[in-house]
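Each chain is listed here by its residues.
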Number of protein chains: 4
Amino acid sequence: MGFASRAATAGLLALAIAGGAQARADQDALKPVLNAGDKTLNFDWPMIRVGTGEYTEGPTGVTVFTFGRKVLGAVDVRGGGPGTVNADYLRLGYNYPELDAVVFAGGSWYGLEAATAVETALKDDGVRDGDAFTEEPNIALTVGSIIYDFGPRRLNEIYPDKRLAQAAYRAARPGVFPQGAEGAGRFAKTGGMFGCNAYSGQGGAYRQIGDIKVAAFTVVNALGVVTDRQGRVVSCYSGASWPKLGTLRSADLMQAFPDSYKEAWAGPEGQASRKNTTISLIVVNQKMDPAELQRLAAQVHTSMARALQPFATMADGDVLYAVSTAEYDGSAKMNSPSLGVAASEVMWDAILNSQPVQPVAPKIDAKAMPKAGVLAGLAGDYVFSSRVTVKVLAEGGKLTAQATGAQDAYAIGRKAAVELQPVSANVFTVPGRYPLTLDFSTPGRLVFNPGHWRQVGVRR
Amino acid sequence: MGFASRAATAGLLALAIAGGAQARADQDALKPVLNAGDKTLNFDWPMIRVGTGEYTEGPTGVTVFTFGRKVLGAVDVRGGGPGTVNADYLRLGYNYPELDAVVFAGGSWYGLEAATAVETALKDDGVRDGDAFTEEPNIALTVGSIIYDFGPRRLNEIYPDKRLAQAAYRAARPGVFPQGAEGAGRFAKTGGMFGCNAYSGQGGAYRQIGDIKVAAFTVVNALGVVTDRQGRVVSCYSGASWPKLGTLRSADLMQAFPDSYKEAWAGPEGQASRKNTTISLIVVNQKMDPAELQRLAAQVHTSMARALQPFATMADGDVLYAVSTAEYDGSAKMNSPSLGVAASEVMWDAILNSQPVQPVAPKIDAKAMPKAGVLAGLAGDYVFSSRVTVKVLAEGGKLTAQATGAQDAYAIGRKAAVELQPVSANVFTVPGRYPLTLDFSTPGRLVFNPGHWRQVGVRR
Amino acid sequence: MGFASRAATAGLLALAIAGGAQARADQDALKPVLNAGDKTLNFDWPMIRVGTGEYTEGPTGVTVFTFGRKVLGAVDVRGGGPGTVNADYLRLGYNYPELDAVVFAGGSWYGLEAATAVETALKDDGVRDGDAFTEEPNIALTVGSIIYDFGPRRLNEIYPDKRLAQAAYRAARPGVFPQGAEGAGRFAKTGGMFGCNAYSGQGGAYRQIGDIKVAAFTVVNALGVVTDRQGRVVSCYSGASWPKLGTLRSADLMQAFPDSYKEAWAGPEGQASRKNTTISLIVVNQKMDPAELQRLAAQVHTSMARALQPFATMADGDVLYAVSTAEYDGSAKMNSPSLGVAASEVMWDAILNSQPVQPVAPKIDAKAMPKAGVLAGLAGDYVFSSRVTVKVLAEGGKLTAQATGAQDAYAIGRKAAVELQPVSANVFTVPGRYPLTLDFSTPGRLVFNPGHWRQVGVRR
Amino acid sequence: MGFASRAATAGLLALAIAGGAQARADQDALKPVLNAGDKTLNFDWPMIRVGTGEYTEGPTGVTVFTFGRKVLGAVDVRGGGPGTVNADYLRLGYNYPELDAVVFAGGSWYGLEAATAVETALKDDGVRDGDAFTEEPNIALTVGSIIYDFGPRRLNEIYPDKRLAQAAYRAARPGVFPQGAEGAGRFAKTGGMFGCNAYSGQGGAYRQIGDIKVAAFTVVNALGVVTDRQGRVVSCYSGASWPKLGTLRSADLMQAFPDSYKEAWAGPEGQASRKNTTISLIVVNQKMDPAELQRLAAQVHTSMARALQPFATMADGDVLYAVSTAEYDGSAKMNSPSLGVAASEVMWDAILNSQPVQPVAPKIDAKAMPKAGVLAGLAGDYVFSSRVTVKVLAEGGKLTAQATGAQDAYAIGRKAAVELQPVSANVFTVPGRYPLTLDFSTPGRLVFNPGHWRQVGVRR
């Protein structure tokens, strides 16, 4: 579409706004799910409170960190597509605690509403006010960043909004952090660079060295692949000719580039996301001055290139926040490089902890193919959102599907119909690099990938 | 209050949240007033659409700029207390149009909710979606900044919120910009450095030079004094010994420092704000590349030090956004310094256009003093907000007032009661550097400064 | 010339290097002139030592500031064409004194050799060594910036080199600063934006307010015009139709743009420089932390837009260094905005102090025209440098001149010969906006503009 | 030494300058060694010319890169102790080729003289002039950075100066890059974080992928350890209890921190450097705009955290320059993340190529112990520089040594004399973590570590 034609005419704009009313209504009807997830990191540092909120219908979510009082913060922005709130203030390097909360969210730039919402929640709840004139100013300062978690990974564009973020803030718990595909990492992915397209999430880790405490939290939505300390790729739907997971090494993928890259994108279902971001928080209890904390942020953020390969690309929006709670100011304080080494390892652990169990492809069972009459009952137009509709046809004893909206539905593309293979009576699949399940077992619904990342379409 | 004691205990936090419920309710009941103000700048550039929203009860507000399509943006952050959304993205210097909207708001950092709200409004209304995969990504990018407009200038802490900002965005009109104390500049002030404490607002200006269009918009809430091209202070409640306005020169105030400063803060009613910010937008129709646009931003922002003295202090949060609409790419394009000179003058005009007529002090009329019985009827505790209550006492034929909450009410301090002087039957004043009117003419209410900047208290 | 043709072939490069040998020889034969100039600022702060060095043959020079011990430094880069050494280190914001010297020089980027030369002089002289392992590291840290002072203002390209800078460093004196066209400001100019083309220089100012000391130093080579506190242009060769100096106002020039600009560049002798830079140093004795000092730098640098109009353009390379000597840490310390106001006024004074008396045009005296025989004796090719030769012809009782090298010689262009008008027996001129004197009184020499800014050509 | 006492008095300063005269004389007598080293990278890209210069007496050196024409450059500064020239200009992001040369040097901040020297060499040689007024400005722009290579690794403080850098520039050869401990990497070290204290150097690598060329060059002087793609430490004098090299893994050292760190620094000869820096250059032939090139710089620089662990610490001054020669602008251009992956691998290769063969400890041979008379002939005060003298004593049939100047001489400390163990008739050693050889075979001289990194002392 040309530049000129993009300028919305008044008429189109009016239509758009009418459509928007529906979008708002959909968003408003969503029910926040708070602090979900069983795989929690429980850490002995109650000063750090964590609350998560999710809209299962996305799914997408938000993660809120507060500290019970103002703390010193720093920020390191490295990626090529960041979203930030108030990063400029942190950069001024004032040497007194001012930061109240760090907010991570899905929803790309729309999710920044979550960061400002925690700021206003602190005001609305009376924790902070607008008093800038007493010796210790009491205005809330919140920072935040976001990840891209829209299409092609999701069939809708629900985003974490003010309501969800404020609920998450108010539900914050001390010393408990849900790991995996929860909170802001609810629909994170990794490895798009090589077509891995693995499910990802948020991870945390905590370590105490004598008097020094270090906690790391990260939402891993990297273009790169998650890599362990043996150099192995942790999560990936591998290319057909690749070594299987466990022996697949990040360094090999990187060195084989651009060959490794070509296979990644060659298939018809090349649906791996090319918009990514890893957003991170490192917290230390050691008192540091702003310049030292900034150096710590740079060192730890840089070290993440070991665990995420590649890292800090133009297609990532990587941001790391660093916080010093200044609880400890004794003789066992570590110098900046040393603390940085320790913190970098805690961050690597956090990255590894972010990885969920990857769904596996359903097995085709040719004998399970339903009869024509049953197939006919499954046909119809299934609407997933204003952007995605899947037309299912039953003809000649076969079931086919084709996307008809603005966006493909995974391997179900818009260009041509795809034949569905039976798995069981009501369940079908499309073979390919990535597992894909189409579940018709609920009448009038088509559910893609039942389970944690399910997408639900309703027959029109 | 000491550092340790600031850590909110669970009990206090619970109380705070209970109080917050009330705060939220108050905020939710406010009614947006859109595009208010008669003193508009009408300019021949319909591509620039402006919407303002205000909560009269603050008063405070928001101003939204959109362009009908994506444009190239740059940002220059200079002040010591900025609030920003997405400034980091603009700094990357990508050479394609990406920016959708610029949002200015009152409410200090809480007002940043307005910036993210316009982003989500663009999504909710279907103008933008989350599609990052077509050749021209369609995700909305909104930037924004805020001014400090809380106490001591206001007796409440209402802030521009999501609801107000989205209403203002949807009410945007082409080529019309309300000037003076409207929109984000609804309760701006200037000259706190020298105790001037003048009312301020937002201003705009537009100039066309051949094919080149330049528009400037600014919300002037500077610590410094507004200065005209003859070097004269434009708005100020002058110190007692100073030359009167019209002959008072900024250069003299600056040179007389710190003497000029001392008088400024000496009086018992030294209520001028020491938290400030001027936020600005310069728009050109000439196609520029990111580095050139950044240079234009720096030159224009720097030039504002002529019109605002001092400027870019640690107590200002000055931010300027620059936009190139790239409508014109012909042979009459100006080089960067030349365009900068022209744009700087348009910005100076915009600053001058921001200044409202200053209220004058009511005249004391000793004969208007009501009788004791009438006075007794005025006594009571008038509640302005959770932070400000004014106790009015009638004793010995005199009316006195004292603030009893967390914050002074202008010259009505918390330390001692102040005697009120009669102006008319129901109206009183307290003499001093700044005009102050107390109007009891509506039963059960005490209205400070009836008119555009009024503050209403309700008798408990 | 096309891009490809710019790639130097081996042959051309060899020629270039051969020419370079001559260039080096010329540069090596120059004699440093140290601490020249009678118009000194003498200030009561012996900790600040200043040394200047000049090559009269340029003329060009260098100014070195040292502090007798390490101090805290900050830097604010605002212009579009800066030259810097070690600015990155200052930006890290470490809170301990590390800076040894600030060096300003002419010679555009080549003059940066002066900054590194002072660093190595501190090493060679044993003031600093390479010891990074004792508690207080002893490595020298020097920062520096440069101004553009080459053609068209000069007819040669001599630059301040290592030898000159080290001599200036070693000649540094406490509390004495030469003002006007000395040191790094030896051939500075201002007002090119409007064709003013005024001679400029370096200025200093000092003020003590109670216990607080502030010193400001600046080398004013701005594209903009120097402006006094009444808004008047201080130095300018005015356009023909303009108000005369004293009534010419910067605001008027700025507002009349682009008309004022057009006249500036219309004449055939439009030789005003379009490459500029103002480099400045502000020193305070008050102890400040790095963030406060950075804010002071921003405020003072921004304030200079009043005295230099325009300022911080793409054609300026403006850099300001700020230093806190931390000698005073008592109760009279000023807050950052207040100190910034005071320092900004000291800087304005420094700018005004930089301006030398402007040479005036010689008067044509038609009767002074020498006879043909005498004229013939003046003819010849006068070589000013490898870039500039002026061919003088005596024909028909007239003397004409034409530039034949790579560069014009002021109003003596390369396109056509210009007739010279007699002033006295051996002295001629070319009328125009800018004064131009051609002095043949020394046999075999042509001296342009005898005096402080003279350029000497030798007949071949 | 206290703060006040550091202020040099006039008397001390005079002494210092007198000492400096000697220092200068020493520096001036050094003879440049150009393009030394047999282990060259020969690459098929003649546009890139490389010259190195070394002072063997340091040893220390400089490496100069030129491109035959102006190219587009970008810079990424990440370390906590950088030295930079003209990085600010590169940051402005102008979209035209301006950069002439990149210079790397030893000598800490003093070595920045090398960067400015290449700038003036380009001027002196006539390759560039000061002409800023033609369409394509011809002023030379050089950038550069330095590494710390002084004590404790060296016993003198010779630095790469103007003379050496200009000689190296003039000796530049197309397509040849000396690897190992040559040029700016002449006395680089790595692994100080863990006490590895390995000799390091400079490395290069080159790869062509279809039409795309990538060259990487780096001077590896990292606090971290060089790590190969299997995660193994490449160079290290290991701690006593550690796995031997080949099985020693960086991840294990990092995870074992702070235990691994403690051993590192526990020994009496803990002489590993705690001041470090890795400076790098990535060159691509693909045309990129400034923002894309900046993203490439960030991605590649970040990726180096895999090969150098830790990286970008407060004790490193890491800087990476990126250059696009824009020779290729065809359809095979790679997107930024893809090119970044390829370039990151080339850079990893360059890092691995930087590592020289590590000297091994000489073997003690008790039978080689000379007789008392011979030992007596070895005694004396051996002067290595103004900072280091080693007193050798022969008593009771033993040879002992003690440092008497401002700095230790490796395991020969200043606190107590150390007994020397015989290796052969004229050669001795001190056992410990790091190899140390004392060679008396040249009469009147004591040579530490004969060979590439030798240090020579002359008996007084």
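Residues numbered from 1 in each chain as written. Chains lettered and ligands numbered in written order. Predicted model: local features only at pLDDT ≥ 70, side-chain atom pairs only at ≥ 80, totals over all residues. Heavy atoms only, no water.

This next bit is on the overall build of chain A. Broken down by element type, chain A carries ten helices and 26 strands. Taken against the 2.2 N^0.38 rule, which gives 23 Å for 460 residues, the C-alpha radius of gyration of chain A at 23 Å falls within 12% of a compact globule. In terms of principal-axis extent, the alpha carbons of chain A reach across some 80 × 55 × 45 Å. A separation threshold of at least 6 residues defines the contact pool for chain A, and within that pool the share at least 24 residues apart is 71%. As displayed, chain A has an accessible area near 14600 Å², and 54% of this comes from carbon and sulfur atoms. The averaged location of the 42 negative side-chain charges in chain A is 7 Å from the averaged location of its 45 positive side-chain charges. (Helix = DSSP H or I, 4+ residues; strand = E, 2+ residues; numbered from the N terminus. Rg over C-alpha atoms; globule rule 2.2 N^0.38 Å. Contact = heavy atoms within 4.5 Å. Areas by Shrake-Rupley, 256 points an atom, 1.4 Å probe, with all protein chains shown as cover. Lys, Arg positive; Asp, Glu negative; His and termini not counted. Charge placed at Lys NZ, Arg CZ, Asp CG, Glu CD.)

The next subject is the packing of aromatic side chains. Counted under the stated rule, the structure contains 84 aromatic pairs over all chains. Ring centres 5.9 Å apart and planes at 5 degrees place the aromatic pair Tyr94(B) and Tyr96(B) in the stacked group. Among the residues examined, Tyr94(B) registers a relative accessible area of 8% and is labelled buried. For Tyr96(B), a relative accessible area of 38% translates into the label partly exposed. When the ring centre of Tyr199(B) is taken as reference, the NZ or CZ atom of Lys189(B) above it lies at 4.4 Å. Its guanidinium or amino end placed over the ring of Tyr110(C), Lys123(D) lies 5.9 Å from that ring's centre, counting from NZ or CZ. (Phe/Tyr/Trp six-rings, centres within 6.5 Å; stacked < 30°, edge-to-face > 60°. Buried < 20%, exposed > 50% of the residue type's maximum accessible area, 1.4 Å probe, protein only. Lys NZ or Arg CZ within 6 Å of the ring centre and 35° of its normal.)

Moving on, we come to the pairing of strand E18 (residues 380-383) of chain D. Residues and elements named next belong to chain D. For E18 and strand E19 (residues 389-395), the ladder comprises four bridges, and the chain directions are antiparallel. Paired with valine 383 across the two strands is threonine 389, which belongs to E19. In sequence, E18 turns back onto E19 through a hairpin of five residues. Bridge analysis of E18 against strand E26 (residues 455-459) gives two bridges, and the strand direction is antiparallel. (Pairing = 2+ DSSP bridges.)

Residues and elements named next belong to chain A. For chain A, per-residue confidence averages 92 on the pLDDT scale, and 91% of positions sit at 70 or higher. Note that residues 1-18 has pLDDT below 50 and, in this model, 19 contacts with residues that lie over four places away or in other chains. The low-confidence segment residues 265-270, where pLDDT is below 50, has nine contacts with residues more than four positions distant or belonging to other chains. What the predictor reports for the complex is a pTM of 0.96 with an ipTM of 0.94. (pLDDT = per-residue confidence, 0-100.)

Attention now goes to the environment of Ala74(A). Residue and element names in this part refer to chain A. Along the chain, alanine 74 turns up in strand E4 (residues 60-77). A residue is classified by how much of its surface remains accessible, and alanine 74, at 2% relative accessible area, is buried. For the pair formed by alanine 74 and leucine 164, sequence separation is 90 residues and the distance between their alpha carbons is 26 Å. Beyond its immediate sequence surroundings of up to four residues, alanine 74 is in contact with Leu90, Leu293, Gln294, Leu320, Tyr321 and Ala322.

Residue and element names in this part refer to chain C. Structurally, the position occupied by glutamine 286 is in strand E15 (residues 277-286). A relative accessible area of 3% places glutamine 286 in the buried class. With residues near it in sequence (within four places) discarded, glutamine 286 still touches Ile212, Ser324, Ala326, Tyr328, Lys333, Met334 and Leu339.

Size of an interface: often given as the accessible area lost when the parts come together. Residues and elements named next belong to chain A. Looking at chain A, the domain boundaries give domain 1 (33-353) and domain 2 (366-459). For the pairing of domain 1 and domain 2, the buried interface totals around 1900 Å² over both sides, and the portion due to carbon and sulfur atoms is 52%. At the junction of domain 1 with domain 2, the criterion picks out one salt bridge. For the salt bridge of glutamate 157 with arginine 387, the shortest nitrogen-to-oxygen distance reads 3.3 Å. Connecting domain 1 to domain 2 are 15 residue pairs in polar contact (both at pLDDT 80 or more). Here the side of domain 1 that touches domain 2 is composed, by residue class, of 13 nonpolar, nine polar and seven charged. (Domains from an automatic or database assignment. Buried area = accessible area lost by both parts, 1.4 Å probe. Salt bridge = Lys/Arg side-chain N within 4 Å of Asp/Glu carboxyl O. Polar contact = N/O pair within 3.5 Å; in protein donor to acceptor, adjacent residues only side chain to side chain. Nonpolar A, V, L, I, M, F, W, Y, C, P; charged D, E, K, R; others polar.)

What follows covers the environment of Asp100(D). Residues and elements named next belong to chain D. Mapped onto the elements of the fold, aspartate 100 is located in strand E6 (residues 99-105). Given the relative accessible area of 5%, aspartate 100 is considered buried. Each C-alpha atom of the pair aspartate 100 and arginine 69 lies 6.5 Å from the other, and the pair is 31 residues apart in sequence. Setting aside anything within four residues of it in sequence, one finds aspartate 100 in contact with Phe65, Thr66, Phe67, Lys70, Leu122, Arg128, Ile139, Ala140 and Leu141. Here arginine 128 takes part through its side chain, which lies 2.6 Å from a polar atom of the side chain of aspartate 100.

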